[in-house]
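Listed here are the chains, written in short residue letters.
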Amino acid sequence: MDHFLYRDGTLFAEDVPVAEIAAQVGTPFYCYSTATFERHFRLFDEALEGTDHLVCYAMKAASNQAILKTLAALGAGMDVVSGGEYARAKAAGVPGDRIVFSGVGKTCEEIHAALTGGIRQFNVESEPEMAAINQVALELGVKAPITIRVNPDVDAKTHAKIATGKSENKFGIPISRAREVYAHAASLSGLDVIGIDVHIGSQLTQLEPFRLAYEKVAELTETLRADGHNIRRLDLGGGLGIPYERSNEAPPLPVEYGAMVKETLGHLGCELEIEPGRLIAGNAGIMVSKVIYVKEGEDRQFMIIDGAMNDLIRPAMYEAHHDIIPVVEAAPGEEPATYDIVGPVCESGDTFAKGRTMSEVKADDLVAFRSAGAYGAVMASEYNSRPLIPEVLVKDDQFAVIRPRPTFEEMINRDTIPEWL
Ligand code: LLP
């Protein structure tokens, strides 16, 4: 459930008409709902009720400061994957002991920044990285809290580009080598080995792959404890999917996921962490765009809109489906039309949907891409010199621009001219 609903035939974001925002900020733009963010965070928090747990929002999904502050105010931790994300989390006021640092290639500079600024734990992805964290910690005279990410070799049954838990993927250490790597970690005096981390992929629409992975983690916890390691924290990653195509998708709910987590891992008495990104942010955001032209092709109609692949890359990159809806609903009885929905960028890949049937539109009409809150704005680029589009946050009947649209001048002035020119 989200808070983008029609009232008297026009789309609202909470209590604000989307068309009113478009009139003030121009199109295209991203629009987020505070209530939806809050609701989704709470669903996870409640799903793990009765356990010692922390929901660490995977801020790679949507990392605007206003969004981070909204979630941090509810007690969210953050999962960060770069020095930039760490800096963003700190700037939003998230305390270091609520920030976990994931990612396969943490640099010494990033490790240093996190150790001096405060960190809950590093999720270590390889032995060379473990050595680097140990080294930086020793130089600083501290102990770095770590978990080791294990790769359980489980098929997440999701798009190949976002599956991470198979042995062919670059992530984690093979679970078969875990005992050896934990023994090595325990011998390094700059490390405090506190737990195990696992993340098998994103947009999972079944619980079974999670269950398989978590059962392996449960077994490993007992093995490592028997080896003398004080395993007291389990980071279970993110990955729970959302219904992109509302008419025919119904992925498991956070409460079902939480029940499965308690069933597979509850008996171990560990502190639990989860790192959801998409489920918290995805349906908390839409991208609003305007129809520029409707063009008659030989055998099809093209709806050419002012949003493009540089603003929302998911359809081009993952063949992802986004529901695209009119901001003003069709009058009852009006005939629908079928379109290829495309942006103005000079590539055929700049196609959002093919043969999509929806209500008829004309130039200047507004359309909204649902489920665009996660991996939308954060993956945008200025390809074709299209400035990054603004982000707007709604709360009840108020809205605020939380990232303005740069002017052409601002975009151009970031370039610098060498002396010889
Ligand atoms: N934790 C780790 C270590 C991750 O790598 C990810 C996502 C998450 C948590 C959050 O997963 P989520 O709950 O959002 O599924 N750009 C792609 C998605 C990439 C996901 C990368 N890692 C897309 O647009 O579908």
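The paragraphs below set out a description of the structure included in this document. (Residues numbered from 1 in each chain as written. Predicted model: local features only at pLDDT ≥ 70, side-chain atom pairs only at ≥ 80, totals over all residues. Heavy atoms only, no water.)

**Quick word on the site of the ligand**
Neighbouring the ligand are 18 residues; S202, E275, R278, R314 and Y375 lie closest to it. In the environment of the ligand, a nitrogen atom lies 3.4 Å from a nitrogen or oxygen atom belonging to the side chain of D79. At a separation of 2.6 Å, a nitrogen atom of the ligand approaches a polar side-chain atom of E275. Protein burial of the ligand: of its 590 Å² of free accessible surface, 91% is covered by the chains. In this structure, the ligand is accommodated by the largest pocket. (Near = heavy atom within 4 Å. Polar contact = N/O pair within 3.5 Å; in protein donor to acceptor, adjacent residues only side chain to side chain. Areas by Shrake-Rupley, 256 points an atom, 1.4 Å probe, with all protein chains shown as cover. 1 Å grid on protein atoms, 1.4 Å probe; cavity = no way out; pocket = protein on both sides within 12 Å on 5 of 7 lines; lining within 4 Å. Sits in = over half its atoms within 2 Å of the grid points.)

**Re helix α9 (residues 254–265)**
The first and last C-alpha atoms of α9 sit 16 Å apart over twelve residues, in line with the 16 Å expected at 1.5 Å per residue. Regarding α9, the residues found buried are P254, Y257, G258, M260, V261, T264 and L265. For α9, the angular spread of buried residues about the axis comes to 160 degrees, placing them on one side. Turned more than 90 degrees from where α9 packs its buried face, V255 and E263 sit exposed. Packing partners of the buried residues in α9 comprise α2 (34–47), α8 (208–226), β12 (233–235), β13 (271–274) and α10 (278–281). (Helix = DSSP H or I, 4+ residues; strand = E, 2+ residues; numbered from the N terminus. Expected span 1.5 Å × (residues − 1). Buried < 20%, exposed > 50% of the residue type's maximum accessible area, 1.4 Å probe, protein only. Arc of directions from axis to C-beta. Contact = heavy atoms within 4.5 Å.)

**A closer look at the packing of aromatic side chains**
As enumerated under the stated definition, the model contains nine aromatic pairs in all. The interplanar angle of 10 degrees and the centroid separation of 6.4 Å between the aromatic rings of Y30 and Y32 together place this pair among those described as stacked. Here Y30 and Y32 have matching classes, each one buried. Ring centres of F101 and F122 lie 5.9 Å apart, and the angle between their planes is 25 degrees; on these two criteria the pair is classed as stacked. One end of the pair, F101, is in strand β7 (residues 99–101); the other, F122, is in strand β8 (residues 121–124), with 21 residues separating them in the sequence. This pair shows no difference in class: F101 is buried, exactly as F122 is. One aromatic cluster is present, formed by F44, F210, Y214 and Y257 through successive ring pairs. In this structure, R7 packs its charged tip against the face of F12, placed 4.5 Å from the ring centre. (Phe/Tyr/Trp six-rings, centres within 6.5 Å; stacked < 30°, edge-to-face > 60°. Lys NZ or Arg CZ within 6 Å of the ring centre and 35° of its normal.)

**Some points on the sheet that holds strand β3 (residues 16–17)**
Sheet architecture is open: three strands sit in the order β1-β2-β3, paired in antiparallel fashion. Edge positions in the sheet fall to β1 (4–7) and β3, since each has one partner strand and no second. (Pairing = 2+ DSSP bridges.)

**Comments concerning the state of the cysteines**
A complete count under the given rule lists zero disulfides for this structure. This cysteine, C56, is not joined by any disulfide, and C270 carries the nearest cysteine sulfur, 15 Å off. A relative accessible area of 0% means that C56 is categorised as buried. (Disulfide = S-S within 2.5 Å.)

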